[in-house]
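# Examination of the molecular architecture
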Amino acid sequence: MRRYWAGLALLVVTIAGCGLGGAAEEEPAPSAGGAVKGKVSLQTWALKPKFTDYVQGVIDGFEKRYPGTEVEWLDQPAEGYSDKVLTQAAGGTLPDVVNLPPDFAVPLIRQGILLDVAQADQKLAAEYVPGALDAYRYPGVQGAYGYPWYLNTDVNYWNTELLKKNGLDPEKLPASLDELIAQARTLKEKSGGKVFLMSRRPELGDLTNAGVPIMSPDGARFTFNTPEAVALLDKYRDAFKEGLLPRDVLTDTYAGNAKLFNEGTVAWTTGGGNYITSLATDNPTLAPKVVPSKAMGTPPLYVQGLSISKATKNAPAALALARWVTSAENQAAFARLVNIFPSTVASANDPFFSKSDGSNSGDAKVIAFESLAEAKVLEPVQVTEAMKKLVRQQFSLAVSGEATSREALDAAVAKCDELLKS
Amino acid sequence: MLVITVSPFLWQLSTSLKSLQEDIYTGTPSFWPERPTLSNYAEVAETIPVWSYAVNSLIVAAIVVAGNAAGATLAGFALAKLRFRGVKLLLGLFLATLVLPAEVTIISQYVTVRSLGLADTLLGVALPGAIGMLNVLLMRTAFQAIPPEMDEAAIIDGATAWQRLRHVGLPNVRGMLSVVTIFAFIGAWDDFLWPLIVLTDPDNYTLTVGLQYLNGTFSANPRLIAAGTMISFLPIVIVFAVLQRFFFKGVEEGAIKG
């Protein structure tokens with residue numbers, strides 16, 4: 001649902017932005033110089049009520065560290081956040097410091113509403129993990145537009161009960177697509193087709209992992225119709241034909257592999273480092289039977305960050321606040337509440353992340369932390385919801401065998417290029 | 001048909017009663033909770049100020065219902081029974097606004113409401129929905145169904161437009177009026193995106209927006225969400241139960257009484 005709104009909002013802003021943007025671009029960018037005091041507003045995304053105490057603690061710390069400051073904290077509900085931010089931007093009520101994932105920031109950067117923090121804060125590049133900061137750099141645009149905040153990645157999760165019951169060894173988990181397909185075959189034969197191992201259709205991220213460049217380096221056109229991509233889709237097509245994936249995986253109503261995993265019809269899913277914790281709430285009897293392993297190929301990088309409104313009246317305090325919230329100490333404290341990972345260079349040596357407490361959730365944390373070192377943003381931010389849908393449709397045609405992989409990829413690239421130019 | 005519409009609702013109900021030790025998503029869902037508990041409802045009330053959110057929702061719904069009941073009746077009556085210059089043009093404009101999807105106008109609507117000084121107020125939430133164009137058309141159709149002879153008789157007896165509305169029109173459109181009331185109430189009560197955009201201060205949140213706090217980052221518990229959904233569903237049941245007498249009578253009975 002959230003994705004749907006995000007796509008819709010992109011469309012809305014292109015219409016609404018015509019009359020409303022622009023003005024900010026001519027004004028000089030606010031600078032970091034000046035005393036840190038006065039009022040400053042901070043907007044987070046769906047952290048209340050679970051992390052109310054944590055965020056309030058961080059804010060109190062800030063007000064204590066910089067006497068004379070006053071932080072106004074707003075927390076927005078999860079649903080419809082992208083729309084909320086866009087209307088705030090259009091109405092000129094964007095808070096000074098805003099929690100924005102990199103893709104939500106794109107329309108605001110096009111309208112010149114966000115502050116280039118790389119220019120305002122020279123120490124940025126030295127203190128934050130390069131991969132995370134790069135998520136806030138956009139092709140064709142100068143500078144960086146957010147302080148990276150907490151990070152996450154995907155880890156494989158396996159249902160050991162289903163694996164053992166169907167002749168697979170949880171000690172020898174597949175580590176590549178070929179191994180996965182081989183084990184999926186065993187599982188299918190033993191279970192008589194009732195249980196599946198694979199339940200994910202290929203996405204752009206899988207192509208990146210297979211060494212396929214999604215876009216040209218300047219971000220001007222799509223390039224993912226390569227022979228490697230064809231080979232990957234062919235593998236999925238053969239697996240689908242053999243019945244190694246649920247039939248409805250190709251439909252648009254498909255609920256996702258995490259849901260099937262929760263129901264116990266699928267033995268493998270991917271999820272963030274915090275997945276077992278939320279599974280323990282949803283399905284308490286399943287959670288202890290789950291073991292994590294490292295994601296196949298390059299793990300994806302998910303970034304949250306704090307951007308700063310260019311229209312802020314209190315740039316010094318806004319920059320100081322964004323820096324304070326994303327500081328190594330405050331992020332480390334956050335990571336102790338939930339399995340997320342700090343974006344600061346200084347946190348890399350924190351033993352908390354490299355030692356498991358022995359629980360499967362603790363193991364997942366360590367695996368996720370180690371994966372982060374090589375994690376990358378697998379899908380370029382220019383890929384909009386509309387493009388994703390097109391790609392999904394074309395890949396479905398290829399996997400179901402209605403079109404050849406070559407045809408599907410060529411069609412997807414051509415249509416995505418059209419959307420990119422429009 | 002009934003099974004398809006009712007079963008998601010029943011699933012929510014059973015989820016909201018399940019204890020923390022039970023699985024929610026299974027291949028063979030059991031509708032009957034093994035250890036039924038009301039603690040989820042208590043926890044919802046503890047986590048978020050459900051009652052003050054419900055009051056906010058009620059205020060918005062009351063404004064919208066009143067606006068639609070009065071405004072749509074008056075406008076519908078004028079369009080159906082009064083003759084004045086430009087009535088066709090006006091009707092055309094009403095129809096034209098129906099074609100625009102709400103998502104396209106939402107940002108300009110927000111800018112308008114903000115410049116009226118109504119951002120972050122419940123009135124600002126209620127105002128755009130206070131007269132639904134569709135409701136005006138429904139009322140117009142209902143008024144048109146009254147035979148012109150009755151109106152003409154009233155005019156000969158010397159009735160003014162107001163008297164014709166009160167004594168001839170209203171008694172004959174009660175059914176449609178209750179339909180409009182129920183739809184206006186449900187529309188106002190269920191709306192999510194617009195209140196989210198207008199409201200900033202969490203104290204002013206309506207129930208649909210406030211319930212989103214149960215679905216936070218890293219902290220979604222489907223039992224609590226289901227319990228919240230049940231709480232927000234209750235008033236709709238009540239409004240419908242109260243009005244259903246008129247709702248069905250109005251549909252069945254012809255427009256004219258002796």
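Residues numbered from 1 in each chain as written. Chains lettered and ligands numbered in written order. Predicted model: local features only at pLDDT ≥ 70, side-chain atom pairs only at ≥ 80, totals over all residues.

### Considering the overall build of chain A
Regarding its fold elements, chain A presents 20 helices and 8 strands. Its C-alpha atoms give chain A a radius of gyration of 23 Å, within 12% of the compact-globule value 22 Å for 422 residues. For chain A, the spread of C-alpha atoms along the three principal axes comes to 70 × 50 × 30 Å. When the 422 residues of chain A are sorted by exposure, 49% land in the buried category. (Helix = DSSP H or I, 4+ residues; strand = E, 2+ residues; numbered from the N terminus. Rg over C-alpha atoms; globule rule 2.2 N^0.38 Å. Buried ≥ 20, exposed ≤ 12 C-beta atoms within 10 Å, placed from the backbone.)

### Quick word on the overall build of chain B
Across its full length, chain B carries 13 helices and 0 strands. Going residue by residue from the N terminus, the α and β elements of chain B occur as α-α-α-α-α-α-α-α-α-α-α-α-α. Reported as C-alpha extents along the three principal axes, the dimensions of chain B are approximately 75 × 45 × 30 Å. In chain B, which comprises 258 residues, the proportion classed as buried is 32%. A separation threshold of at least 6 residues defines the contact pool for chain B, and within that pool the share at least 24 residues apart is 78%. (Contact = placed C-beta atoms within 7 Å.)

### Brief notes about the pairing of strand β2 (residues 69-76) of chain A
Look at any regular strand and the pattern is simple: side chains alternate between the two faces of the sheet. Residues and elements named next belong to chain A. Pairing geometry for strand β1 (residues 38-45) and β2, over 8 bridges, is parallel. Among the inter-strand pairings, valine 40 is bridged to a residue of β2, identified as valine 71. The handedness of the β1 to β2 crossover, carried by helix α3 (residues 52-65), is right-handed. (Pairing = 2+ DSSP bridges. Right-handed = clockwise from strand over helix to strand, strands pointing away.)

### Brief notes about the sheet that holds strand β5 (residues 155-159) of chain A
All names here are of chain A. The 3 strands are arranged β6-β5-β7 in an open sheet whose pairing can be described as antiparallel. Of all the strands in the sheet, just β6 (268-271) and β7 (290-294) have a single pairing partner and so form its edges. Put simply, the sheet's adjacent strands are angled 35° from each other on average, direction ignored. In this structure, β5 lies alongside β6, joined through 4 bridges in antiparallel fashion. Within the sheet, the bridge partner assigned to tryptophan 158 lies in β6 and is tryptophan 268. (Axes fitted to C-alpha atoms, helices over the stretch in contact; angles between N-to-C directions.)

### Considerations on helix α15 (residues 315-325) of chain A
Within α15 of chain A, 11 of the 11 residues are buried, leaving the element largely enclosed by the surrounding structure. Along α15 of chain A, the positions that sit buried rather than exposed are Ala315, Pro316, Ala317, Ala318, Leu319, Ala320, Leu321, Ala322, Arg323, Trp324 and Val325 of chain A.

### Re the confidence of the model for chain A
Regions with low pLDDT should not have their predicted coordinates read in detail. Residues and elements named next belong to chain A. Mean pLDDT for chain A: 87, with 91% of residues reaching 70 or above. Element-level pLDDT for chain A is lowest in helix α2 (residues 23-26), with a mean of 38, against a maximum mean of 96 in strand β3 (residues 97-99). Long-range and interchain partners of residues 1-28, a stretch whose pLDDT sits below 50, account for 38 contacts in this model, where long-range means more than four residues apart. (pLDDT = per-residue confidence, 0-100.)

### Section: the domain arrangement of chain B
Residue and element names in this part refer to chain B. In terms of domain boundaries, chain B breaks down into domain 1 (1-37) and domain 2 (46-252). Relative placement of domain 1 and domain 2: their C-alpha centres are 32 Å apart. Each partner contributes to the interface: domain 1 provides 6 residues, whereas domain 2 provides 6 residues. When its residues are assigned to classes, the side of domain 1 that touches domain 2 shows 2 nonpolar, 3 polar and 1 charged. (Domains from an automatic or database assignment. Nonpolar A, V, L, I, M, F, W, Y, C, P; charged D, E, K, R; others polar.)

### Notes on the packing of helix α7 (residues 133-144) of chain B against helix α10 (residues 174-190) of chain B
Residues and elements named next belong to chain B. Interhelical geometry of α7 versus α10 gives an angle of 170° and a closest axis separation of 10 Å. Between α7 and α10, the interaxial angle falls into the category roughly antiparallel. From α7, Asn135, Leu138, Met139 and Ala142 reach across to α10, where they touch Met176, Val179, Val180 and Ala184. Within the contact of α7 with α10, the residues separate by chemical class into 7 nonpolar, 1 polar and no charged. (Parallel < 35°, antiparallel > 145°, perpendicular 65-115°, else oblique.)

### Side note on the environment of valine 117 of chain A
Residue and element names in this part refer to chain A. Following the sequence through the fold, valine 117 ends up in helix α6 (residues 117-120). When the 24 C-beta atoms within 10 Å are taken as the criterion, valine 117 is described as buried. Separated by 289 residues in the primary sequence, valine 117 and arginine 406 have C-alpha atoms spaced 42 Å apart. The contacts of valine 117, once residues within four sequence positions are left out, are Leu124, Ala144, Tyr145, Gly146, Tyr147 and Ile308.

### What to know about the packing of helix α14 (residues 275-282) of chain A against helix α18 (residues 360-372) of chain A
Residue and element names in this part refer to chain A. Look at α14 against α18: their axes get within 8 Å of each other, and the N-to-C directions meet at 150°. Comparing the axis directions of α14 and α18 gives the class roughly antiparallel. Between α14 and α18, the contacting residues are Tyr275, Ile276 and Thr277 on the first element and Asn360, Ser361 and Ala364 on the second. Each residue belonging to the contact of α14 with α18 can be placed in one class, and the counts come to 3 nonpolar, 3 polar and no charged.

### So, the UniProt feature "transmembrane region" (unreviewed entry) in chain B
Residues and elements named next belong to chain B. Summarizing the sequence annotation, UniProt attributes the feature "transmembrane region" (unreviewed entry) to residues 53-77, 89-111, 117-138, 173-189 and 224-243 in the numbering used throughout. What you have in residues 53-77 is 100% helix and 0% strand, and the ends, taken at the C-alpha atoms, are 35 Å apart. For the annotated span residues 224-243, helix accounts for 100% and strand for 0% of the residues, and the straight-line distance between the end C-alpha atoms is 30 Å. (UniProt positions renumbered as here; feature names shortened; annotations may be inferred.)

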